[in-house]
Amino acid sequence: MAGPQRIVIVGGGLAGAKAAETLRDEGFDGDVTIVGAEDERPYERPPLSKEVLRGEKDPETARVHDAGFYDERDIALRLGAAATALEVSARTVTLDGGETLPWDRLLIATGAEPRRLPVPGGDLDGVLALRTIRDSDRLREVARSGGRLVVIGAGWIGCEAAASARELGAEVTVIERADVPLQAVMGRTVGGIYADLHREHGVELLTGAKLEAIEGDGRAERVRLAGGRTIDCAAVLVGVGVAPRTALAESAGLAVDNGILVDAMLETGAPGVFAAGDVANALHPFYDGRRVRVEHWANALNQGPAAARNMLGAAAPYDRLPYFFSDQYDAGMEYSGLASADDEVVIRGDVAARELIAFWVSEGRVLAGMNMNVWDVNDQVQALIRSRAVVDPAKLADPDVPLEPGALA
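Scope of this entry: the structure provided in the associated data block. Bear in mind the structure is a predicted one, so any value in this text is a computation, not a measurement.

1. Considerations on a negative patch on the surface
Taken together, the side chains of Asp31, Asp66, Asp71, Glu72 and Asp74 make up a negatively charged region of the molecular surface. Structurally, Glu72 is set in helix α2 (residues 69-72). Among the residues examined, Glu72 registers a relative accessible area of 63% and is labelled exposed.

Below, the structure is given as structure tokens:
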């Protein structure tokens with residue numbers, strides 16, 4: 001395939017913006033166009049549930065690049081424009097206004113969208129999501145209003161937003177079907193640490209609870225749980241996960257299964273069409289060809305540039321370990337790797353002080369690690385995971401034993 005002259009990036013988030021930056025950094029001097037459905041210059045999402053939500057930072061600080069970057073690098077921004085059709089054979093993408101853009105390489109970085117609640121009242125005014133700058137602004141207003149915020153789902157968005165709302169002085173109730181927060185990712189042991197954290201900060205955390213309906217006269221005024229309990233509220237935040245935005249890929253006949261299926265180079269089955277970020281379900285070399293779809297900031301930050309280089313012919317597999325971080329109250333953490341919630345958990349450090357490293361272990365090998373308020377160890381944790389070394393759980397739990405495969409055997 002001849003070198004590209006026109007590259008179109010569908011998706012105006014972090015992955016797409018960093019891909020465009022990388023194309024220019026790599027010397028590509030052809031046309032680069034970013035198509036973004038939001039009428040917003042590309043921005044990062046993690047601050048929306050943290051500093052931006054709490055009003056500690058202006059939303060402009062979340063921008064991927066400053067206002068002049070795209071003109072300076074000759075990158076065309078088509079904002080407020082959704083891509084509605086993709087023709088692989090004709091190498092065109094059509095926008096909702098009817099415009100058709102030709103391309104030689106295409107990157108789909110359309111991200112994911114919040115799942116909706118399939119319950120009565122789920123579409124009432126005051127039932128909020130947290131995915132955009134406007135969502136964050138609206139939630140801040142609610143948190144400062146003095147009313148109670150009910151959060152449905154104790155995943156990452158739900159937990160972070162609950163923590164920020166409490167720091168703004170709001171009364172917060174979190175409703176979670178599982179036994180502890182974050183159970184699907186972290187399991188019961190570490191999820192229990194987060195349960196204690198939120199309760200200590202005044203969150204009413206209702207676990208093992210099922211939402212039956214959201215009620216109110218035109219807007220959300222209360223939620224009703226199975227068993228009949230009702231909770232009055234000023235608003236409801238829905239944090240029950242996201243779904244990859246695959247409609248464009250499906251319209252073109254690309255393979256889709258929990259995201260757009262791509263190979264280790266992030267290319268779809270259609271030559272010249274790539275995917276990156278939340279929407280990409282990629283073969284991962286470290287995990288022996290297992291498909292991995294990651295919804296976190298670091299994946300978008302790094303996968304967009306990797307796709308850009310491969311669009312220019314690098315043919316380099318994307319093999320970074322999954323990584324994410326979270327800040328809730330005074331508990332900061334980093335997590336690396338990929339584990340099951342049912343894997344054995346080994347704790348090194350002081351749980352009561354929330355200064356610890358948790359390791360997920362299977363068949364004696366460390367699959368993932370989370371450092372909470374213990375810093376400058378993430379590189380060691382990742383090296384330990386990549387070593388696939390068999391470790392002694394007692395040594396792994398001992399803070400005096402170095403985090404090196406030889407010392408832990």
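2. A look at helix α4 (residues 156-167)
Helix length check: α4 (12 residues) gives 17 Å between terminal C-alpha atoms against 16 Å at 1.5 Å per residue, within 8%. Counted residue by residue, α4 has nine buried out of 12 residues, so it is predominantly covered. Those residues of α4 not exposed but buried are Trp156, Gly158, Cys159, Glu160, Ala161, Ala162, Ala163, Ser164 and Ala165. Positive phi appears at Gly169, one or two residues downstream of α4, with a value of about 95°.

3. A few points about the nonpolar core
Grouped together as the largest cluster of nonpolar side chains are 48 residues, with contacts concentrated most on Val8, Ile9, Leu86, Leu106, Leu107, Ile108 and Leu266. Ranked by residues supplied to this core, first place goes to helix α1 (residues 14-25) with six residues. Residues Val172, Ala331, Ala358 and Trp360 belong to the second largest nonpolar core, which totals 45 residues.

4. Considerations on the packing of α4 against helix α5 (residues 183-200)
The interhelical angle for the contact between α4 and α5, taken along N-to-C directions, is 15°, at an axis separation of 12 Å. The orientation of α4 relative to α5 falls into the category roughly parallel. When the axes of α4 and α5 are compared, the crossing they make is left-handed. The segment α4 lies against α5, with Trp156, Cys159, Ala162 and Ala163 engaging Val185, Met186, Tyr194 and His198. Residues belonging to the contact of α4 with α5 are distributed by class as follows: seven nonpolar, one polar and no charged.

5. Overview of the pairing of strand β14 (residues 222-225)
The two faces of the sheet receive side chains in turn, since in a regular strand these alternate between them. Only one face of β14 is covered, namely the one carrying Val223 and Leu225; the face carrying Arg222 and Arg224 has none of its residues buried. As judged from the four bridges shared by strand β13 (residues 211-215) and β14, these two strands associate in the antiparallel manner. Paired with Ile214 across the two strands is Val223, which belongs to β14. Where β13 folds back onto β14 in an antiparallel hairpin, the turn is made up of six residues, including Gly218, whose phi is positive at roughly 90°.

6. Here's the deal with helix α7 (residues 297-311)
The α-helix winds at 3.6 residues per turn, so residues separated by three or four positions along the chain end up facing the same way. The terminal C-alpha atoms of α7, which comprises 15 residues, lie 21 Å apart, in line with the 21 Å expected from a rise of 1.5 Å per residue. Among the 15 residues in α7, 12 count as buried, and that is most of the element. Looking at the packing, one finds that the buried side of α7 touches β1 (6-10), α1, β7 (105-108), β19 (273-275), β20 (280-284) and β22 (323-328). Positive phi shows up at Gly313, right after α7, with a value of about 105°.

7. Points about the packing of aromatic side chains
Under the counting rule described, the total for this entry stands at seven aromatic pairs. Note on Phe69 and Tyr70: the rings are 5.2 Å apart at their centroids and 85° apart in plane angle, and the pair reads as edge-to-face. With respect to class, Phe69 is no different from Tyr70; both count as buried. Ring centres of Trp156 and Tyr194 lie 6.0 Å apart, and the angle between their planes is 85°; this geometry places the pair in the edge-to-face category.

8. A short note on the sheet that holds β7
Read from one edge of the open sheet, five strands run β3-β2-β1-β7-β19, paired in parallel fashion. Edge strands, defined here as strands with exactly one partner in the open sheet, are β3 (75-79) and β19. For this sheet, the mean angle separating the axes of adjacent strands, direction not counted, is 20°. Two strands pair when backbone bridges link them, and β7 and β19 are joined in this way by three bridges, in the parallel orientation. Paired with Leu106 across the strands is Val273, a residue of β19.

9. Here's the deal with the layout of surface pockets
Approximately 350 Å³ is the volume attributed to the second largest pocket. Forming the boundary of the second largest pocket are 17 residues, of which Pro114, Arg116, Val127, Leu128 and Ala129 lie nearest the centre. Secondary structure elements with two or more residues in the lining of the second largest pocket: β8 (112-114), β9 (127-128) and α3 (133-144). Residues that form the lining of the second largest pocket fall into these classes: seven nonpolar, two polar and eight charged.

10. A closer look at the environment of Ala226
Looking at the element boundaries, Ala226 is found in the loop between β14 and β15 (230-232). Classification of Ala226 by relative accessible area gives partly exposed; the value is 41%. Considered as a pair, Ala226 and Leu211 are 15 residues apart in the sequence and their alpha carbons are 6.2 Å apart. With near-sequence residues (within four places) excluded, Ala226 lies in contact with Lys210 and Glu212.

Conventions we followed
- Residues numbered from 1 in each chain as written.
- Predicted model: local features only at pLDDT ≥ 70, side-chain atom pairs only at ≥ 80, totals over all residues.
- Heavy atoms only, no water.
- Patch = residues over 30% accessible without salt bridge, like charges linked within 9 Å, V, L, I, M, F, W, Y side chains within 5 Å.
- Areas by Shrake-Rupley, 256 points an atom, 1.4 Å probe, with all protein chains shown as cover.
- Salt bridge = Lys/Arg side-chain N within 4 Å of Asp/Glu carboxyl O.
- Lys, Arg positive; Asp, Glu negative; His and termini not counted.
- Charge placed at Lys NZ, Arg CZ, Asp CG, Glu CD.
- Helix = DSSP H or I, 4+ residues; strand = E, 2+ residues; numbered from the N terminus.
- Buried < 20%, exposed > 50% of the residue type's maximum accessible area, 1.4 Å probe, protein only.
- Expected span 1.5 Å × (residues − 1).
- Core = buried A, V, L, I, M, F, W, Y, C linked by side-chain atoms within 4.5 Å.
- Axes fitted to C-alpha atoms, helices over the stretch in contact; angles between N-to-C directions.
- Parallel < 35°, antiparallel > 145°, perpendicular 65-115°, else oblique.
- Left-handed = near helix turned anticlockwise from the far one by under 90°.
- Contact = heavy atoms within 4.5 Å.
- Nonpolar A, V, L, I, M, F, W, Y, C, P; charged D, E, K, R; others polar.
- Pairing = 2+ DSSP bridges.
- Phe/Tyr/Trp six-rings, centres within 6.5 Å; stacked < 30°, edge-to-face > 60°.
- 1 Å grid on protein atoms, 1.4 Å probe; cavity = no way out; pocket = protein on both sides within 12 Å on 5 of 7 lines; lining within 4 Å.
- Points joined across faces, edges and corners; volume = space filled by probe spheres on them.

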